[in-house]
Structures are given as structure tokens and as C-alpha cells.
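Spelled out, the chains give:
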Amino acid sequence: MLEAGIKGIRTVTVTESLTAKVMGSGELNVYATPAMIALMEETAYKSVAKELEDGMGSVGTKMDVQHVSASPVGMKISCETELIEVDGRRLVFAVKAQDEKGLIGEGTHERFIIENAKFQAKTDSKL
């Protein structure tokens, strides 16, 4: 059973492939906002995955974050998440990312618990 308080942490190093220039979100060689958001989502979903029943997963449905500081290629980024609300199948996380000099982004992220096979089949039926 999921309860508030579950935490996750992941660390990555900014590489060329994670820059705004390469990801198409800008022209500079700085850590891209889409990369930060992906790291936040990954950290959140992995933090609760082992707590879900077999065949169950979660999907991201909402992200409300601010990217407040740029990070250069080569810098380490650490992401921390905490499950702060469980409302049925709805999960809400506080998310935060820091580089070696301090805070670079923070906000909230919402996910919903789903049955993986059923969700995939419904999505595939759109084809």
C-alpha cells in the first residue's frame, strides 16, 4: 500500500545529449528543461514502482515545475522526489533538482496508477 513519505533520488551528469541545443528547447549548451523534467518523472515513478502490485505501473499526468538556474555540461544533477499525497490512484510528488552549486528546479508532479497491459491495449487501439 502506498503512503505519503516515499522518497526517491537519482543523479546524472549533464552530457551534450541533455542540452537545450540538442534537445531542441533552446540554442545553448546548458541542461535542458525537458531533460530535468524527464529526470523528475523517472525519479518519481521509480520511487514507487516496487510498491505497486505486479502488472501495475504509473503514468505522468501533470508537471508543474520551475527551472530556476542553468547547469553546464559536465555538472552533476541530483533529483529528489517525495510522495506527498495519495488519493486513490492519484499520486502527487514534490520534486526538486540541484546541481553542484544549488537549486535548479522544483515543483510538483502528478501520476496515476494504471494496469500496464490494459493501458497499453487501450492506447494501441487508437491506431
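These remarks concern the structure in this document. (Residues numbered from 1 in each chain as written. Predicted model: local features only at pLDDT ≥ 70, side-chain atom pairs only at ≥ 80, totals over all residues. Heavy atoms only, no water.)

1. Some details on the overall build of the chain
A tally of regular secondary structure across the chain gives three helices and five strands. Along the chain, helices (α) and strands (β) appear in the sequence β-α-α-β-β-β-β-α when read from the amino end. Dimensions of the chain along its principal axes, counting C-alpha atoms only, are 40 × 40 × 20 Å. When the 127 residues of the chain are sorted by exposure, 32% land in the buried category. Partitioning the contacts of the chain with sequence separation of at least 6, the portion at a separation of at least 24 is 64%. With an accessible surface of roughly 7600 Å², the chain has 51% of that area assigned to carbon and sulfur atoms. (Helix = DSSP H or I, 4+ residues; strand = E, 2+ residues; numbered from the N terminus. Buried < 20%, exposed > 50% of the residue type's maximum accessible area, 1.4 Å probe, protein only. Contact = heavy atoms within 4.5 Å. Areas by Shrake-Rupley, 256 points an atom, 1.4 Å probe, with all protein chains shown as cover.)

2. Concerning the pattern of salt bridges
Per the counting criterion, the structure on display carries six salt bridges. Note that aspartate 87 and arginine 90 form a salt bridge whose closest N and O atoms lie 3.6 Å from each other. A salt bridge links arginine 90 to glutamate 110, with the shortest nitrogen-to-oxygen separation between them at 2.8 Å. Here the residue arginine 90 occupies a position in strand β4 (residues 90-99), and glutamate 110 occupies one in strand β5 (residues 102-115), the gap between them amounting to 20 residues. For the pair arginine 90 and glutamate 110, a shared accessibility class is recorded, and that class is buried. The structure contains a network of salt bridges with shared partners spanning Glu85, Asp87, Arg90 and Glu110. (Salt bridge = Lys/Arg side-chain N within 4 Å of Asp/Glu carboxyl O.)

3. Overview of the environment of isoleucine 114
Relative to the assigned elements, isoleucine 114 resides in strand β5. When near neighbours in sequence (up to four residues on either side) are disregarded, isoleucine 114 contacts Gly55, Met56, Gly57, Ser58, Val59, Arg89 and Phe119.

4. Structural notes on the side chain of glutamate 110
Exposure remark for glutamate 110: the relative accessible area of 15% places this residue in the buried category. There is a polar contact of 2.8 Å between the side chain of glutamate 110 and the side chain of arginine 90. Excluding its chain neighbours within four sequence positions, the residues that come into contact with glutamate 110 are Val59, Gly60, Thr61, Lys62, Arg90, Leu91 and Val92. (Polar contact = N/O pair within 3.5 Å; in protein donor to acceptor, adjacent residues only side chain to side chain.)

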